[in-house]
Amino acid sequence: STSAQEYQLSEGEPSAWLGRGVDRLGLVGRVEADEFRPLFDGYDLDGSKLVQNAGRDDRAPGWDLTFSAPK
């Protein structure tokens, strides 16, 4: 959803592309909205589907997990 995309793009320090997939996708440097939005929706920068359910509203593009050790 657009609100989820905006949340990911607006929080904290600017992000940078990392990981093995960035070379294959042609991503370098700072994460920009025009690159992030299609990936968030499941498409590469050329508009090809990266996942079967690309563009569906019920798709979960990722998970945010926090683990806290007991004190």
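Residues numbered from 1 in each chain as written. Predicted model: local features only at pLDDT ≥ 70, side-chain atom pairs only at ≥ 80, totals over all residues. Heavy atoms only, no water.

### Description of the overall build of the chain
Inference 1: Of the regular secondary structure elements, the chain holds three helices and zero strands.
Inference 2: When each of the 71 residues of the chain is scored for burial, the buried share is 18%.
Inference 3: Expressed as a percentage of contacts within the chain between residues at least 6 apart in sequence, the contacts between residues at least 24 apart total 22%.
Inference 4: For the chain, the accessible area works out to roughly 6,100 Å², and carbon and sulfur atoms hold 48% of it. (Helix = DSSP H or I, 4+ residues; strand = E, 2+ residues; numbered from the N terminus. Buried < 20%, exposed > 50% of the residue type's maximum accessible area, 1.4 Å probe, protein only. Contact = heavy atoms within 4.5 Å. Areas by Shrake-Rupley, 256 points an atom, 1.4 Å probe, with all protein chains shown as cover.)

### Comments concerning the pattern of salt bridges
Inference 1: For the coordinates displayed, the defined rule picks out one salt bridge.
Inference 2: The salt bridge partner of Asp-58 is Arg-56, with a shortest N-O separation of 2.6 Å. (Salt bridge = Lys/Arg side-chain N within 4 Å of Asp/Glu carboxyl O.)

### Here's the deal with the confidence of the model for the chain
Inference 1: Taken over all residues, the pLDDT of the chain has a mean of 83, while the share at 70 or more is 83%.
Inference 2: Predicted confidence in the chain is weakest over helix H1 (residues 2-10), with a mean pLDDT of 63, and strongest over helix H2 (residues 21-25), with 89. (pLDDT = per-residue confidence, 0-100.)

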